[in-house]
Amino acid sequence: MKTFISIEGLVYDYPARTPEDQPVRAIDGLDLHIREGSFTAVLGMNGSGKSTLAKCLNGLYVAGDGRVLVDGMDTADDANVWKIRSTVGMVFQNPDNQMVSSIVEDDVAFGPENLGVPSEKIRERIDAAMKAAGIFEQRHRKVHLLSGGQKQRTAIAGVLAMQPRCVVFDESTAMLDPQGRAGVMEIIEDLRRTGITTILITHNMEEAVRADRVIVMKEGRIILEGPPAVVFADRRQIEAAGLALPASLTVRDELIKRGIPVPDYILEMDALAEWLVRTAEAGEPDDED
Amino acid sequence: MIRDITLGQYYDADSVIHRLDPRVKIVAAFVYLVMIFFVRDFIGYLFVGAVLAAVIIASGVPLRFIARGMRPIMFILLFTFLINIFMYRGAVLVRLGPLSITDNGLKQAVFIALRLVLLIFGTSLLTYTTKPMALTDGIESLLRPLRRIGVPAHEIAMMMSIALRFIPTLLEETDKIMKAQQARGADFESGNLFQRAKSLIPLLIPLFVNAFRIAMDLAMAMEARCYRGGEGRTRLHPMKYRRSDAAAYVLLILFAVLVIVQSRGLLPIPMLWEV
C-alpha cells in the first residue's frame, strides 16, 4: 500500500503569549509515514504533542520546520489547503463545540455546503454519511437534545459527508460514556473496512490495542512505534511515556505469572476471554500429562 | 432549572403558512408592521384583525400559544394603557380625585393597546411558523442586494444561526458553573438587588472565559470543515419561490393597498372613532 501522509522533520512551536515568554515547542523533529487505508493510534500523556500533530495533518497548523505531505500535497502551500481539509477530515474532542447548526442534518450538510456541492448531491451525501455514522434516524432532531455519543456520531457524519480519504479522531472518545465510546470505535472499524485511513489520538489503551500500528509520543517526539503487540511488549518505554498498560495486558501478564500460557497475539479483553473459554473447553491439557 | 427555558419559539406544524418561503414571511411581517401604523380608526383595526385571525387559523398555531407571548409585555401594555387613559382632554366620563378619564383618553388608550396586541400577535407569528435556520437563510437572501454597499449579509446570517445554536449550550454551561459555585458556598438568591448583582460576578467571569474557549474550538472545527465565508457556498435547502409564494405576495400587496386606502378615508364607509 502506498504512503498517504508523510511527515518529515516536523517542528511546531506555539507562539509566545507575552514578549518575555519563549515560544513553546510542541513537536520537535518528527518523522512519520502513514499508509493508505491503515488504522493508526497515537498515544501520549497530556502535552506530548499528539493533538498538535493531529492539527498539522490537515493544515490547521502549518509546520514551522520540515514538511507534511498529504497525498503528495504540501500543507504549507495555501493553494492546497481546502483540498487537504476535505481529504483529511477531523473529529474533535468536544462534540458540542464542533456543531454549527441546531438540526442534525443541517449540521452534517455544513461541510458539503462549504465545498460548493450542488444541492441534490448534498442530500445524497449526507444521507449516506448519516447512515454510516448511525445517526440517520435522528436526522431531524435538535443537536442539543442528543446524547454525547449521538452528538459525536453527528460530528463524524459531518466529516464523512465531505467524502474524505482519511479521518483523524482527536481524542474524540475522551468525553463520552462507555456506550458512546464503543459506538465511535465501531464506526472506526467500519471506516477501516471501507479503506479509509484512520488516525486515532487517544488516552485509552484499550482503543489503541485495536489499531494496526501504535505510535507513542513524548515531548514532541515519537519514542516508540509498531504493531500494538510489539509496542505494548516494551514495558519500560511505555512506563517512560507515562502510560499504563491496557487492562487486558495486565490481566494477561498476571495469568502468565500464574502459569497459564496466554499467547502473545492476544491483546484485547474479548479475545483473551474467548481464548480462556476455548482452552478450558479443550480439556485443560496441563492436567492430562 | 435554567435549562428548562425554551428559546426559539418555533411551533412545529405543517400548514400553508409554515410552508411559505421564509423571505415571503419576513417581508410580510415587515409590511404588516408598517401597515399597523397607517391604521387610523377601528374599522381599520377590524380589517387588520380579521386578516390576522385568518392567517393564525391557516397557520394552525393555537391561540393560547400565541397569547403566551403576550405575557412579557403585559406590563408595558398596562402601563401605556393607564398613561393614555388619563392624559387626554375631552368630555369627562369618570373622575378619580385629581385624575379623570375622558372619552378621548379612553379611545386613545384602547387604540394604542390594540395596536400593541396586533403588533405582537402578527410579528410573533413569523417566529412561530419559521424555523430559525430558515429565518436566517431568508434574512441572508433579502440582505444580499445590500452587499454592494458593504453589508456583510452572509456573515450576519451565520452569526445569527450560530448564536441560536449556542443558546442551549451556554445555558447548560451557566447551569454547570452555577452548581459548581453553589457547591463552594456561592449564594445567588439572597441579599438586596446590589448584593445579588455582585454575586453574579463569579458566574459571569467563568461563563465569559468558557464562551471564548467554545468560540475558538468552533472556529477551528469550522475551518477543518472547509468553511471560508459565503463565497461559492451551496445550500442543502436552496430557497425557491413557488406559486403559493407568488400568491402570498399578491395578497400582501392587496392587504397593504386596502389598509392605505381605508386609512386615507377613500372608501365609501365612514371612519369609526377616528384617532
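Parameters and conventions
Residues numbered from 1 in each chain as written. Chains lettered and ligands numbered in written order. Predicted model: local features only at pLDDT ≥ 70, side-chain atom pairs only at ≥ 80, totals over all residues. Heavy atoms only, no water. Contact = heavy atoms within 4.5 Å. Buried area = accessible area lost by both parts, 1.4 Å probe. Salt bridge = Lys/Arg side-chain N within 4 Å of Asp/Glu carboxyl O. Polar contact = N/O pair within 3.5 Å; in protein donor to acceptor, adjacent residues only side chain to side chain. Helix = DSSP H or I, 4+ residues; strand = E, 2+ residues; numbered from the N terminus. Buried < 20%, exposed > 50% of the residue type's maximum accessible area, 1.4 Å probe, protein only. Domains from an automatic or database assignment. Axes fitted to C-alpha atoms, helices over the stretch in contact; angles between N-to-C directions. Parallel < 35°, antiparallel > 145°, perpendicular 65-115°, else oblique. Left-handed = near helix turned anticlockwise from the far one by under 90°. Core = buried A, V, L, I, M, F, W, Y, C linked by side-chain atoms within 4.5 Å. Expected span 1.5 Å × (residues − 1). Arc of directions from axis to C-beta. Pairing = 2+ DSSP bridges. 1 Å grid on protein atoms, 1.4 Å probe; cavity = no way out; pocket = protein on both sides within 12 Å on 5 of 7 lines; lining within 4 Å. Points joined across faces, edges and corners; volume = space filled by probe spheres on them. Nonpolar A, V, L, I, M, F, W, Y, C, P; charged D, E, K, R; others polar.

### Focus: the interface of chain B and chain A
With 29 residues of chain B in contact, the opposing surface of chain A contributes 38 residues. Between chain B and chain A, the buried area comes to about 3000 Å², and carbon and sulfur atoms account for 55% of it. Looking at the side of chain B facing chain A, the largest losses of area belong to Arg165, Arg225 and Leu236 of chain B, adding up to 28% of the total buried there. Across the salt bridge formed by Arg233 of chain B and Glu113 of chain A, the nearest N and O atoms sit 2.9 Å from each other. Joining chain B to chain A, the criterion identifies 15 residue pairs in polar contact (both at pLDDT 80 or more). At the level of secondary structure, the elements contributing two or more residues to the side of chain B that touches chain A comprise helix H8 (153-183) and helix H10 (201-224) of chain B. Per-element accounting of the side of chain B that touches chain A gives the leading share, nine residues, to H10 of chain B.

### Points about the pattern of salt bridges
Per the stated rule, a full pass over the model turns up 32 salt bridges over all chains. Between Glu207 of chain A and Arg181 of chain A there is a salt bridge, with its nearest N and O atoms 3.5 Å apart. Note that Glu207 of chain A is positioned in helix H8 (residues 205-208) and Arg181 of chain A in helix H7 (residues 178-193), a separation of 26 residues in sequence. One salt bridge connects Asp137 of chain B with Arg235 of chain B, and the closest N-O pair in it is separated by 3.2 Å. Here Arg235 of chain B lies in the loop between H10 and helix H11 (243-263) and Asp137 of chain B lies in helix H7 (residues 132-143), a separation of 98 residues in the sequence. Accessibility expressed as a relative area gives 13% for Asp137 of chain B, which makes it buried. On the accessibility criterion, Arg235 of chain B (23% relative accessible area) is partly exposed.

### Looking at the environment of Glu268 of chain A
Residue and element names in this part refer to chain A. By secondary structure assignment, the location of Glu268 is in the loop between helix H11 (247-257) and helix H12 (269-281). Looking at Glu268, the relative accessible area reads 33%, which means it is partly exposed. The residues touching Glu268, leaving out its near neighbours within four places in the chain, are Val209, Arg210 and Ser248.

### Regarding the domain arrangement of chain B
Examined at the domain level, chain B breaks down into domain 1 (2-130 + 239-263) and domain 2 (145-224). Spacing between the C-alpha centres of domain 1 of chain B and domain 2 of chain B amounts to 32 Å.

### Some points on the packing of helix H5 (residues 74-86) of chain B against helix H6 (residues 103-129) of chain B
Residues and elements named next belong to chain B. Close contact between H5 and H6 brings their axes to 7 Å; oriented N to C, the two are set at 160°. Between H5 and H6, the interaxial angle falls into the category roughly antiparallel. Crossing handedness for the pair H5 and H6: right-handed. Counted together, Leu77, Thr80, Phe81, Asn84 and Ile85 of H5 and Gly105, Leu106, Gln108, Ala109, Val110, Ile112, Ala113, Leu116 and Val117 of H6 form the full contact between these two elements.

### Regarding the nonpolar core
All names here are of chain A. Counting 49 residues, the largest nonpolar core has Phe169, Val216 and Phe232 as its most contacted members. Listing elements by their share of this core, those giving two or more residues are strand S3 (39-44), helix H3 (104-108), helix H5 (119-132), helix H6 (148-160), strand S7 (166-170), H7, H8 and strand S9 (213-218). In this view, Val216 contacts Leu43, Arg221, Ile222, Ile223, Leu224, Val231, Ile238, Ala241 and Leu243; residues no more than four positions away in its chain are not counted.

### Section: helix H3 (residues 42-59) of chain B
Residue and element names in this part refer to chain B. The end-to-end C-alpha distance of H3 is 25 Å, a good match for the 26 Å that 18 residues give at a rise of 1.5 Å each. Residues of H3 that are buried: Phe42, Gly44, Tyr45, Val48, Leu52, Ile56 and Ser59. With its buried residues spanning 135° around the axis, H3 presents them on a single face. Within H3, the exposed residues directed more than 90 degrees away from the buried face are Leu46 and Ile57. Looking at the packing, one finds that the buried side of H3 touches helix H1 (16-19), helix H2 (22-36), helix H4 (63-68), H6 and H11. Gly60 sits one or two positions beyond H3 and adopts a positive phi of about 75°.

### Quick look at the pairing of strand S1 (residues 92-96) of chain B
The two faces of the sheet receive side chains in turn, since in a regular strand these alternate between them. Residue and element names in this part refer to chain B. Bridge count for S1 against strand S2 (residues 99-102) is four bridges, and the pairing is antiparallel. Paired with Leu96 across the bridge in S2 is Leu99. Hairpin geometry of S1 and S2 is characterised by an intervening segment of two residues between the two adjacent antiparallel strands and by a positive phi of about 60° at Gly97.

### Description of the layout of surface pockets
Residue and element names in this part refer to chain B. Estimates place the volume of the second largest pocket at around 690 Å³. Contributions of two or more residues to the lining of the second largest pocket are made by H1, H2, H3, H6 and H11. Element by element, the count of residues in the lining of the second largest pocket is highest for H11, at eight residues. Class assignment of the residues belonging to the lining of the second largest pocket gives a composition of 21 nonpolar, three polar and one charged.

### Describing the domain arrangement of chain A
Residues and elements named next belong to chain A. Under the domain assignment, chain A is made up of domain 1 (38-47 + 80-241) and domain 2 (246-283). Computed from C-alpha coordinates alone, the two centres of domain 1 and domain 2 are separated by 30 Å. Contacts between domain 1 and domain 2 engage eight residues on the former and nine residues on the latter. Between domain 1 and domain 2 lies a buried interface of about 670 Å² when both sides are counted; carbon and sulfur atoms form 64% of it. Where domain 1 packs against domain 2, one counts one salt bridge. Arg235 is the partner of Asp253 in a salt bridge, and the nearest nitrogen-oxygen pair spans 2.4 Å. If you look at where domain 1 meets domain 2, you find two residue pairs in polar contact (both at pLDDT 80 or more). Where the side of domain 1 that touches domain 2 is concerned, the elements lending two or more residues are H8 and helix H9 (228-231). Partitioning the side of domain 1 that touches domain 2 into residue classes produces five nonpolar, no polar and three charged.

### A closer look at the sheet that holds strand S4 (residues 65-70) of chain A
Residue and element names in this part refer to chain A. The strand order across the open sheet built from four strands is S2-S1-S4-S5, with neighbouring strands paired in antiparallel fashion. In the strand order of this sheet, the two ends are held by strand S2 (24-35) and strand S5 (73-74), each with one partner. As judged from the five bridges shared by strand S1 (residues 3-14) and S4, these two strands associate in the antiparallel manner. Along S4, the bridge assignment pairs Ile7 with Val68.

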